[in-house]
Amino acid sequence: MTTSPIEVVVTGLGATTPLGGDVASTWEAMLAGRSGVRRIDGDHEWVDRHELPVKIAAPLAVEPTDVLARVQARRLDRCEQVAVIAAREAVAHSGLGEPGSLAVDPERLAVVIGTGIGGAVTLLGQDDLLETGGLRKVSPLTVPMLMPNGPAAVVGIEMGAQAGVHAPVSACASGAEALAWALRLLRAGEVDVVIAGGAEACITGITVAGFVQARTLSLRNDEPERASRPFDTARDGFVLGEGAGIMVLERADFAAARGATVHGKLAGAGLSADAYHITGPEPEGRGQSRAIAKAVQMAGLDPSDVGHVNCHATSTVAGDVGETKAVRKALGDHPVLTAPKSALGHMVGAAGAVESIITLLSIKEGIIPATLNLENLDPGVELDVVAGEPRKMDLQAAVCDSFGFGGHNAAVAFTKV
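These figures come from a predicted structure and were not determined experimentally. (Residues numbered from 1 in each chain as written. Predicted model: local features only at pLDDT ≥ 70, side-chain atom pairs only at ≥ 80, totals over all residues. Heavy atoms only, no water.)

A description of the pattern of salt bridges should follow, citing residues and the corresponding values.
Using the criterion set out here, one finds 28 salt bridges in the structure. Where Glu7 meets Lys265, a salt bridge forms, and the shortest distance between an N and an O atom there is 3.1 Å. One end of the pair, Glu7, is in the segment before strand S1 (8-16); the other, Lys265, is in strand S8 (residues 264-273), and 258 residues separate them in sequence. Across the pair Lys325 and Glu284 runs a salt bridge whose closest N-O atoms are separated by 3.6 Å. With a gap of 41 residues between them, Lys325 in helix H12 (residues 317-331) and Glu284 in the loop between S8 and helix H11 (286-298) connect regions that are remote in the sequence. Salt bridges here are not isolated pairs; linked through shared partners, they connect Arg220, Glu223, Arg226, Arg229, Asp232 and Glu375. (Salt bridge = Lys/Arg side-chain N within 4 Å of Asp/Glu carboxyl O. Helix = DSSP H or I, 4+ residues; strand = E, 2+ residues; numbered from the N terminus.)

So, in structure tokens, the structure goes:
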């Protein structure tokens, strides 16, 4: 005898991004067509000191130190700070209660928060202190602040999660992969609630320099807001961003029993690997296509049910067209696309989580934000991309894609309540 899979619902959303310090301000800015990209050479002396050719990024709209208590902020790396901020908003939005005393058995509460790089700011800063001041200058909190599982750990401690704390590290697919693992935990019946998403804050000299050397960043310094231009023929690379996105996911029966407001369903997730190249995507998008198809299949959907794809689309020459090939292979020619990185920049490990929130809101609100700076569509993109103005659309299901260095592919499927 077979049983129906456990339904997983979204009850809480939280974010801090280059467009706003919470979900509402980020969503409003997305719909208004604003960009979070700006010059950073005036804020960071290392840009000129190292003669870096990239002088733009998408930093946070609201500094974490303006939100967190001073003592706590000093004990957390920046990527941990943003995770805590987004998690607090998501939990408050869910109505589960106050951190540490949530309306769920702690042994049935888990945390899954991914990051692509982790505590780079701490690692670099503490190494400088060691070199200049010796051992006594190094903080005893260095390792907890730099470890990639730090964001998940600090959120798990604050929320009292005892069912497990997990930290997928799959480069730019980390945030979406965290949602996939959360879905699996809930469907397996191991937990009732998962706080899941991604966090990243690595706008620093070595990271920018590394991406420069890999020739993946945009050099459009004189037009920051026009630099990130997914699917456009003039695209020349992505813009590095930072932020966090967190969802509260629950078993549908548990959410119903406590009278929670449900914002949508996380219906499916698919993971795959290209096994092709450490940085370059497989040109035909075969691995990406498999991830999308798996998400749709798990969700019990037909490809024709998926009306919208929120694309990974980083604004790189190699990546954007290959992704559209993957979408066409998995779903067909009908889905309408958008690319949030045109406004948010690329938040690496947080990207998939923040963009999943945008995907869910597109379904819930019936409107798809426009892709910024799309003036001349690459002829290799043979699909409908929302540009110019947001598009109103009745959506029953949508997919959010995320892909990362190493050939990691993750796709998550959301459906309307």
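Residues and numbers for the packing of aromatic side chains, please.
Considering all chains together, one arrives at two aromatic pairs under this definition. A centroid spacing of 5.1 Å and a plane angle of 80 degrees characterise the contact between Phe211 and Phe238, whose relative ring orientation is edge-to-face. Linking Phe211 in helix H9 (residues 205-213) with Phe238 in the loop between H9 and strand S7 (243-251), this pair joins segments that are 27 residues apart in sequence. Each member of the pair Phe211 and Phe238 is classed as buried. Ring geometry for Phe211 against Phe405: centres 6.2 Å apart, planes inclined by 65 degrees, an arrangement best described as edge-to-face. On the criterion of sequence distance, the pair formed by Phe211 in helix H9 and Phe405 in the loop between strand S14 (397-404) and strand S15 (408-415) is long-range, its members being 194 residues apart. Relative accessible area serves as the criterion here: at 11%, Phe211 is assigned to the buried category. Put simply, the rings of Phe211, Phe238 and Phe405 touch in pairs and so form one group of aromatic residues. (Phe/Tyr/Trp six-rings, centres within 6.5 Å; stacked < 30°, edge-to-face > 60°. Buried < 20%, exposed > 50% of the residue type's maximum accessible area, 1.4 Å probe, protein only.)

Describe the packing of helix H1 (residues 23-32) against helix H14 (residues 351-365), listing the residues and the values that go with them.
Packing of H1 against H14 brings their axes to within 11 Å, and their N-to-C directions diverge by 70 degrees. Judged on the interaxial angle alone, H14 and H1 are roughly perpendicular. Mapping the contact onto sequence places Val23, Trp27 and Met30 in H1 and Ile357, Ile358, Leu361, Ser362 and Glu365 in H14. Residue classes in the contact of H1 with H14 are distributed as six nonpolar, one polar and one charged. (Axes fitted to C-alpha atoms, helices over the stretch in contact; angles between N-to-C directions. Parallel < 35°, antiparallel > 145°, perpendicular 65-115°, else oblique. Contact = heavy atoms within 4.5 Å. Nonpolar A, V, L, I, M, F, W, Y, C, P; charged D, E, K, R; others polar.)

Mind laying out the side chain of Glu250, listing which residues take part and the relevant values?
Position of Glu250 among the secondary structure elements: in strand S7. Its relative accessible area of 0% is what places Glu250 among the buried residues. Only 2.7 Å separates the side chain of Glu250 from the side chain of Thr11, close enough to count as a polar contact. A distance of 2.5 Å separates the side chain of Glu250 from the side chain of Arg258, its partner in a polar contact. Every residue in contact with Glu250, bar those within four places of it in the chain, is listed here: Glu7, Val8, Val9, Thr11, Leu96, Leu186, Asp192, Val193, Ala255 and Arg258. (Polar contact = N/O pair within 3.5 Å; in protein donor to acceptor, adjacent residues only side chain to side chain.)

Tell me about the sheet that holds strand S4 (residues 109-114), and name the residues and values.
The 11 strands lie next to each other as S5-S4-S6-S7-S1-S8-S15-S14-S9-S10-S12, forming an open sheet whose pairing is mixed. Of all strands in the sheet, those bounded by a partner on one side alone are strand S5 (165-166) and strand S12 (384-385). Looking at chain direction, S1 and S7 are connected through eight bridges and run antiparallel. Residue pairing in the sheet places Leu13 in a bridge with Met247 of S7. Contacting S1, strand S6 (193-200), S7, S8, strand S9 (308-310), S14 and S15, H14 crosses the sheet at an angle of about 165 degrees to S14. (Pairing = 2+ DSSP bridges.)

Talk me through empty space enclosed by the protein; I want residue IDs and the actual numbers.
Under the definition given, this model contains one cavity of 30 Å³ or more. Residue assignment for the lining of the largest cavity shows that the elements contributing at least two residues are H1 and H14. Class assignment of the residues belonging to the lining of the largest cavity gives a composition of six nonpolar, one polar and no charged. (1 Å grid on protein atoms, 1.4 Å probe; cavity = no way out; pocket = protein on both sides within 12 Å on 5 of 7 lines; lining within 4 Å. Points joined across faces, edges and corners; volume = space filled by probe spheres on them.)

Any details on the side chain of Ser35? Residues and values, ideally.
Turning to its location among the elements, Ser35 is positioned in the loop between H1 and strand S2 (38-39). Of note is the side chain of Ser35, whose polar atom sits 3.1 Å from the backbone nitrogen of Val37. When neighbours within four sequence positions are excluded, Ser35 is seen to be in contact with Leu19, Glu225, Ser342, Ala343 and Leu372.

Give a description of unusual backbone geometry that names residues and reports values.
At Arg215, a residue that is not glycine, the phi angle is positive and equals roughly 60 degrees. Among the structural elements, Arg215 can be located in the loop between H9 and S7. Phi is positive for Asn373, which is not a glycine, with a value near 65 degrees. With relative accessibility at 15%, the residue Asn373 sits in the buried group.

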